[in-house]
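So the chains spell out like this:
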Amino acid sequence: MSTRGVVSARGERAGTSGSIATTDPALLSAVEAASLLQSRELHPRELLDACLSRSADLDGEVSAWVRIYPELAYAQADRAAQRLSAAEVARHGAAPLVCGLPIALKDLFAVEGLPLTASSRVLEGNIAAGNATVVQRLSEAGMVLMGHAHTHEFAIGSCTPQVGNPWDTTASVGGSSGGSAAVVAARFAPLATGTDTGGSIRLPASVCGVSAIKPTYGLCSSYGVIPGIWSRDHVGSIGHSIADAALLLGFMAGFDPQDPVTATAPALSEGGYPLVARGGGNPLAGKRFGLPNGVGEALPGALAAVFEGFIGLVRELGGEIVGVEMPPLPEGMLPGDYIEAGAYHRQFSGRTADYEPMSAAMMGGAIAMLAAPVSEYWDFQRSRAEYQRAYNRMLAENRLDCVLLPGTKLDGVKRPENVVGDVEWANYSGAPALCIPAGRSAETGIPFGVQLGGRPWDEAGLIAMALELQEAQPIWREMATLSGAPRQIPAVSVGTPGEGPDPTNTDAAPAAFRIVATTATDRI
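Here, residues in each chain are numbered from 1, in the same order as that chain's written sequence. For this predicted model, a pLDDT threshold of at least 70 governs which residues receive local features, and a threshold of 80 or more governs which side-chain atom pairs are given and counted, while totals over whole chains, interfaces and linings are taken from all residues. Each side-chain value is worked out from all heavy atoms of the structure, with water and hydrogens disregarded.

Draft legend 1. Broad picture of the packing of helix H2 (residues 44–62) against helix H3 (residues 70–84). Axis definition: a line fitted to C-alpha atoms, over the contacting stretch in the case of helices. Angles run 0 to 180 degrees between N-to-C directions. Runs of E in the DSSP output that reach at least two residues are strands. Runs of H or I that reach at least four are helices, and both are numbered from the N terminus. Between H2 and H3, the shortest axis-to-axis distance is 8 Å and the interhelical angle comes to 150 degrees. On the basis of their axis angle, the class for H2 and H3 is roughly antiparallel. On the side of H2, the interface is formed by Pro44, Arg45, Leu48, Asp49 and Leu52, while H3 contributes Ala73, Tyr74, Ala77, Asp78, Ala80, Ala81 and Leu84. Note on residue categories: nonpolar means Ala, Val, Leu, Ile, Met, Phe, Trp, Tyr, Cys or Pro, charged means Asp, Glu, Lys or Arg, and polar means any other residue, Gly included. Looking at the contact of H2 with H3, its residues break down into nine nonpolar, no polar and three charged. Angular relationships are summarised with four words: roughly parallel below 35 degrees, roughly antiparallel beyond 145, roughly perpendicular across 65 to 115, and oblique for the angles in between. In what follows, a contact means two residues having at least one pair of non-hydrogen atoms within 4.5 Å.

Draft legend 2. Local environment of the packing of aromatic side chains. Side-chain rings of Phe, Tyr and Trp (the six-membered ring for Trp) are treated as a pair once their centres are within 6.5 Å; stacked means planes under 30 degrees apart, edge-to-face means over 60, and tilted covers the remaining angles. By the definition in use, this model includes eight aromatic pairs. Taken together, a centroid distance of 5.9 Å and an interplanar angle of 25 degrees make the contact between Tyr391 and Trp425 stacked. Residue Tyr391 is located in helix H12 (residues 374–397), and its partner Trp425 is located in helix H13 (residues 424–429); the two are separated by 34 residues in the primary sequence. Between buried and exposed lies partly exposed: a residue is buried under 20% and exposed over 50% of the maximum accessible area for its type, with that area taken using a 1.4 Å probe on protein chains only. Using a relative accessible area of 0% as the deciding quantity, one classes Tyr391 as buried. Aromatic ring contacts, followed pair by pair, group Phe154, Tyr344, Phe348 and Tyr355 into a single cluster. Over the ring of Trp425 we find Arg202; its NZ or CZ atom is 5.9 Å from the centre of that ring. A ring is considered to have a charge above it if a Lys NZ or an Arg CZ atom is located within 6 Å of its centre and within 35 degrees of its normal.

Draft legend 3. Quick peek at the nonpolar core. The criterion is simple. A nonpolar core is a set of buried Ala, Val, Leu, Ile, Met, Phe, Trp, Tyr and Cys residues joined through side-chain atoms within 4.5 Å. Leu101, Phe154 and Leu452 are the most contacted members of the largest nonpolar core, which has 146 residues in total. Looking at this core, the element that brings in the most residues is helix H8 (residues 242–252), giving nine residues. Apart from the residues within four sequence positions on either side, Leu101 is in contact with Ala30, Ala33, Ala34, Leu37, Leu47, Met143, Val144, Leu191 and Leu247. Listed in part, the 16 residues of the second largest apolar core include Val324, Leu395, Tyr428 and Ala431.

Draft legend 4. View of helix H14 (residues 459–472). Any helix carries an expected span of 1.5 Å times its number of residues minus one. For H14, spanning 14 residues, the distance from its first C-alpha to its last is 20 Å, which sits close to the expected 20 Å at 1.5 Å a residue. Residues of H14 that are buried include every one of Glu459, Leu462, Ile463, Met465, Ala466, Leu467, Glu468, Leu469 and Gln470, and no others.

Draft legend 5. Layout of the sheet that holds strand E7 (residues 288–292). Strand order in the open sheet formed by 11 strands is E1-E3-E2-E4-E6-E5-E10-E11-E9-E7-E8, and the pairing between neighbours is mixed. Of all strands in the sheet, those bounded by a partner on one side alone are strand E1 (65–68) and strand E8 (320–324). Taken pair by pair, the neighbouring strands of this sheet meet at an average axis angle of 30 degrees, ignoring direction. Pairing of strand E5 (residues 211–214) with strand E6 (residues 234–239), which is carried by three bridges, proceeds in the antiparallel orientation. Residue pairing for E6: Ile213 is matched across the bridge by Ser237. Packing against the sheet, H3 makes contact with E1 and strand E3 (144–149), and its axis sits at approximately 150 degrees to E3. Packing of helix H9 (residues 301–316) onto the sheet brings it into contact with E7, E8, strand E9 (402–406), strand E10 (433–440) and strand E11 (447–453), and relative to E11 it is tilted by some 45 degrees. Strand pairing follows a simple DSSP-based rule, namely that at least 2 bridges must link the two strands.

Draft legend 6. Spotlight on unusual backbone geometry. Note the cis peptide between Gly175 and Ser176, where omega equals 10 degrees. Secondary-structure assignment places Ser176 in the loop between E3 and helix H6 (178–185). In this model, Arg415 is joined to Pro416 through a cis peptide bond whose omega is 0 degrees. Residue placement: Pro416 occurs in the loop between E9 and H13. The backbone of Ala155 sits at a positive phi, close to 60 degrees, despite the residue not being glycine. Turning to its location among the elements, Ala155 is positioned in the loop between E3 and H6.

Draft legend 7. Main features of the pattern of salt bridges. Each salt bridge in this description consists of a side-chain nitrogen of Lys or Arg and a carboxyl oxygen of Asp or Glu lying within 4 Å of one another. The full count for this structure, using the stated rule, is 15 salt bridges. Residues Arg487 and Asp59 are paired through a salt bridge, measuring 2.7 Å at the closest nitrogen-oxygen approach. On the criterion of sequence distance, the pair formed by Arg487 in the segment after H14 and Asp59 in helix H2 is long-range, its members being 428 residues apart. In terms of burial, Arg487 and Asp59 fall into one category: buried. One salt bridge in this structure joins Asp168 and Lys414, with 3.0 Å as the shortest N-O distance. One end of the pair, Asp168, is in the loop between E3 and H6; the other, Lys414, is in the loop between E9 and H13, with 246 residues separating them in the sequence. Classification of Asp168 as partly exposed rests on a relative accessible area of 23%. A relative accessible area of 41% places Lys414 in the partly exposed class.

Written out as C-alpha cells, the structure reads:
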C-alpha cells in the first residue's frame, strides 16, 4: 500500500493514492483513507458506512462503544464531501488531511448537546453544554464524529472492564482509554482521542497493538475534558500507525485561551509532524536510545523476547543503546494525586453508591484527602518539579534522543484486572511519550508495545524515530480476527445542551495553579 505524497500532519496535499486497497474501507489506516478521500476515490459516506457496519457486526463481544451518533456523523460526512469536492478545492485550496475521517472520542470529551457520562452511572443523563476545544478543532477540520468510546469509570483505573480486547475478548484492554484503543484495534474507526494521567493511553495501546502519542503537557488543551488529576492529565491521540496518531495530533495541538497551560507550548511548525519515514540503510544512525537498567529483566519470558527483538531492531537501523538509571519518582505522589482528584469528585459526594465499588473507595479517600494540610500538596509539587529536572538531566548527561521502556509489565492480563507498566515517569515529567507495537506474546497472542520517551516539546523527533522503526517492521498492520458478534449500539441524536457553564456540564474548572513542562536541568 502506498502513501506517497502524504508528508505532514498539516500538509495541503495528500498525494497519489497508489495501490491502496479499498475492498473494505474500514480496514484502511487513517493516512491511507486520507489519500483516497483527498483524491475523491473514496467518499466520506462510504468510509462512515463501512465503519458503522463493522461496528454493528462485530462490537458484540468487544463492546468498545458507549454510544454512536449516526445522524450527526452522516451530516458531518456530507459537509466533508462538500469541502473535498473539486469546486471547493479550487475555491479554497486543499482540504485538511483529516477531513472526512471518522473518529471515536473517549467518553470524557464534551460534544455540545450529546451525552457525556465518563462511563459512569454518576453522570447518567448528563448532556454536554459545549464542545471541548479539541473536539471543536477536529470538527472545524472536517472530521466525522462516530461516537464515544468507553473509559474506565472517570478514568480512575487501568482496565476498562466493560471492554474486551479485540485479540482475545477475555483479556483486558488496559485503561483508562481502553475503549478508544479497542475501537482502533477492531477497525471500528481509524482514529480516536484519549487521555493519559498515568499511562492511560500507552497501556491500552500496548495490549491492543495500536500506536499512541501522549504529548508534552500543555501541547493539547484539556478544556471541556472531564479531569482525572488536572496537573498530569494529557490529551493525546491513537491510530493504527504512528503516522496516523501524528496526523491526528497535528490537528489537536495549539494554544487555547481557555487552557492557559497551552501558552507554554512552542508553535507547531507549518508542516506539522512527519508522517513518512526517510528509510535507507541506517536511518537511526547517530541516535542514542536510553535503556533503563533492569527493565527487561522484570518482564515475563514471552514479552522479554519481544522487547529484546525490538532493541535488536533499533541497533540494526543504526541506533545506539545506552544503559541509564531513571530518576526515582516524586515523593508524596498519592496525597498529591488524591487532593486533585478529590477537588473534582467532591461535587458527587452524595452519590457514592452510583460509583463502581473500587471507584467509590478511591474517590472517598480522595475527598477525605482535601482535609490534609496544604503543605503536603506544596511539598509534592516541589518534589515533582525536582523530578522534572532530574529526568531532563538524565537525557542531557547521557546525550539521549529518547528512552525505551516496555509498554506493559504483564502478559495476557484478564478482565477485570488492571494492566500495569512503568508509565508514571512521563506524566510527572510532562515529557512526550509514545507507544508503538513491537510484536505479540508467543504464549498468549496479546500484543506488546514499547514506549519511546523524549525531551519536552520534541514530539517531532520521537515520531520521526518511530516512523523508521515501523517502516522497517510494520507490525501495526497485523489485525485481530473478530468473531461475528453483532450489537445494537445505542444511537443518539444531538439534543438541547446542558446548562454549563463548563462544556462538560460539571464543575470541571481546574485550579489557577498549574504545573508546566520544562526543559530545565538545574537542581532546585
